[in-house]
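What the coordinates show
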Amino acid sequence: MVIPQISLKIRQGFILVFVLLVALPILFYSIGKAYYASLVDATEKTLEAQLYSLISEVDFTEHGIIMPSTILAPELNRLNSDTYAMIYRDDDPVWNSESAVNLNYVPEQIETKAGAADFRRVEYNNTAYWQLSLTVILNNIDQSEQARFILVKRNDALLRIMDGFKQTLVDWMFIMGIAIAGLMAIGFIWSARPLQRLDKEIKAIESGDIQEIKGLYPVELQTIKADLNLLLESQQRQKERYRASLSDLAHALKTPLAVLKSSPLANDADAQEQLDRINVMIEHQLKRAATGASDTWKKQTPIKPVLDSILSAMAKVYRDKDIIFTCTVTEKDYFLGDQTDLMELLGNLIDNACKACRSQVEIQVIQSKTLCIGISDDGPGVPEDKRESLLTRGTRLDTYESGHGVGMAIVSDLVKSYNGTLTITDADNLAGAQFILEFNYNDKK
């Protein structure tokens, strides 16, 4: 099973979406919870300060607890305030602040030891409050008495502060989201530039403009750069050794073959036939080895100049047939490989078409994500039952009439070396055969 590869842009988009839709909302929620907890903590400390202020203002006499008409904490002196104070003796209220005049609230009875404060969230009539209570012992010269001081703050006051904070936080989160998206986009472009430069240099190597990667790259790409240059250098050395060995082999084989052909043994027809076959096989294997071993780095070879050269030669070779050549190709069409290989492919196929045709040969080149080259003739065609065997290695090259089959072993091997396909069909426009070469460049560019 082939796992589809996700582009870097889509991966970066996933990260951005995660940050904006998951990370920022979680951050928003966490900050909100932390801020609310700090408000509750601040409320406890404020109520505690106000409670001790009340205790300092209590005047305990034989007639009971007396409080001044105006106390120090301003929130407790204001009607409809969100903070209230009450003093209880046993379960009976003996005093309440000015702010609690209209308050319909019965504090929750909590048994605590004298001097021990209790702070908690309570609810009364579906309204939430924060309540701080402290039991103290009041003394004078003649007597002492226990009293419970209670301070209450509405939770609505905290929620109003929270609403304002959340609105401010939303505004800043929106600004942060835009800033993060912008920074990630800039960061991606900045990080992708070395990869784009590397891709540009690789394409320049494919087109033959440069021989090695020379650009300056970040540390993470230095190893890749060194490995690619090492691969190119090693391939070039191997190619040179390969060509030298082939040249030596050609000389070593041709000399004894020439001696045999000029010897008395060559006068025998069967022996001459076998010598010719050996010669053809040597030429075929040398061409296959020299041109069929496709490079790891394939260069972009323009197709039109190669076609023009081949058609010009064919027009001279088959001058007596007066062949009409129809060629559809553009200057932009290219073959991703060596020019010699392309010359070998098209030369053999067009030569076969010229031998088989009556008067017309048509060549059509179509390139998009694939390169498709169709070569048609108006000859007798190739029988359907012989098409597969024609492309099979080992088929004798002289067993088909009208020329089809000559050089097809070389063509078939070359096409396979470039991971292409060669198909034989009936020509659409002409009455003869059509040979279709197809190479998929979608994964290479």
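Since we're looking at a predicted model, the values are computed, not measured.

We now examine helix 1 (residues 8-57). Think of an α-helix as turning once every 3.6 residues; residues three or four places apart then point the same way. The terminal C-alpha atoms of helix 1 lie 71 Å apart, and with 50 residues this matches the ideal 74 Å at 1.5 Å per residue to within 8%. The complete set of buried residues in helix 1 reads Val19, Leu24, Gly32, Leu39, Val40, Thr43, Leu47, Gln50, Leu51, Ser53, Leu54 and Glu57.

Right, let's get into the pairing of strand 3 (residues 83-89). Every regular strand shows the same layout, with side chains that alternate between the two sheet faces. Counted residue by residue, strand 3 has 6 buried out of 7 residues, so it is predominantly covered. As paired elements, strand 3 and strand 7 (residues 144-154) share 6 bridges and run antiparallel to each other. If you follow Ile87 over to strand 7, its bridge partner there is Phe149. Looking at chain direction, strand 3 and strand 4 (residues 92-96) are connected through 4 bridges and run antiparallel. When the sheet's bridge partners are listed, Tyr88 is paired in strand 4 with Pro93. Once strand 3 ends, the chain turns through 2 residues before running back antiparallel as strand 4, passing Asp90 with a positive phi of about 60°.

Under the counting rule described, the total for this entry stands at 4 aromatic pairs. On the numbers, 3.8 Å between centres and 10° between planes, the contact of Tyr35 with Phe165 is stacked. Of this pair, Tyr35 sits in helix 1 while Phe165 sits in helix 3 (residues 155-206), and the two are 130 residues apart along the sequence. Taking the relative accessible area as the measure of exposure, Phe165 reaches 22% and is therefore partly exposed. An aromatic cluster is built from Phe335, Tyr418 and Phe439, whose rings are joined through pairwise contacts.

Turning our attention to the side chain of Thr83. With respect to the helices and strands, Thr83 occurs in strand 3. Given a relative accessible area of 2%, Thr83 falls into the buried group. Ignoring anything within four residues of it in the chain, the contact list for Thr83 reads Leu47, Gln50, Glu75, Leu76, Ser99, Val152 and Lys153.

It is worth spelling out a nonpolar patch on the surface at this point. On the surface, a cluster of nonpolar side chains totalling about 540 Å² of accessible area is made up of Val17, Phe18, Leu20, Leu21, Val22 and Ile26. Here Leu21 is to be found in helix 1.

Turning our attention to the confidence of the model for the protein chain. Looking at the protein chain as a whole, its pLDDT mean stands at 81, while 84% of the residues score no less than 70. Note on residues 396-406: pLDDT is under 50 here. Beyond four places in sequence and across chains, it has 29 contacts.

The next point concerns the pattern of salt bridges. Under the criterion given, the structure shown has 10 salt bridges. With a closest N to O distance of 3.4 Å, Arg121 and Glu123 form a salt bridge. We classify Arg121 as partly exposed; its relative accessible area is 42%. For the salt bridge of Asp308 with Lys304, the shortest nitrogen-to-oxygen distance reads 3.2 Å. With a gap of 4 residues between them, Asp308 and Lys304 both fall in helix 6 (residues 303-317), about one helical turn apart. One continuous salt-bridge network, built from bridges that share partners, spans Asp82, Lys153 and Arg160.

Rules behind the numbers
All residue numbers here refer to positions counted from 1 along the written sequence of the relevant chain. Residues qualify for local features only when their pLDDT is at least 70, as the model is predicted, and side-chain atom pairs are given and counted only at 80 or more; totals for whole chains, interfaces and linings, by contrast, use all residues. Neither water nor hydrogens contribute to the side-chain values; these are computed over all heavy atoms in the structure. Helix and strand definitions here come from DSSP, where helices need a minimum of 4 consecutive H or I residues and strands a minimum of 2 consecutive E residues; each element is numbered from the N-terminal end. Multiplying 1.5 Å by the residue count of a helix minus one yields the expected span of that helix. Burial classes follow relative accessibility: with a 1.4 Å probe on protein chains only, a residue under 20% of its type's maximum area counts as buried, one over 50% as exposed, and anything between as partly exposed. The rule for pairing is simple: two strands pair if DSSP sees at least two bridges between them. Each Phe, Tyr or Trp ring, with Trp reduced to its six-membered ring, pairs with another whose centre is within 6.5 Å; inter-plane angles below 30 degrees give stacked pairs, above 60 give edge-to-face pairs, and intermediate values give tilted ones. Between two residues, a contact is recorded if the distance between any of their heavy atoms is within 4.5 Å. Like charges are joined within 9 Å and nonpolar side chains (Val, Leu, Ile, Met, Phe, Trp, Tyr) within 5 Å, but only among residues with over 30% relative accessible area and no salt bridge; these make up the patches. Areas reported here follow the Shrake-Rupley algorithm with a probe of radius 1.4 Å; residue values treat only the protein chains shown as occluding. We define a salt bridge as a contact between a side-chain nitrogen of Lys or Arg and a carboxyl oxygen of Asp or Glu at a distance within 4 Å. Values of pLDDT, ranging from 0 to 100, describe the predictor's confidence in every residue of the model.

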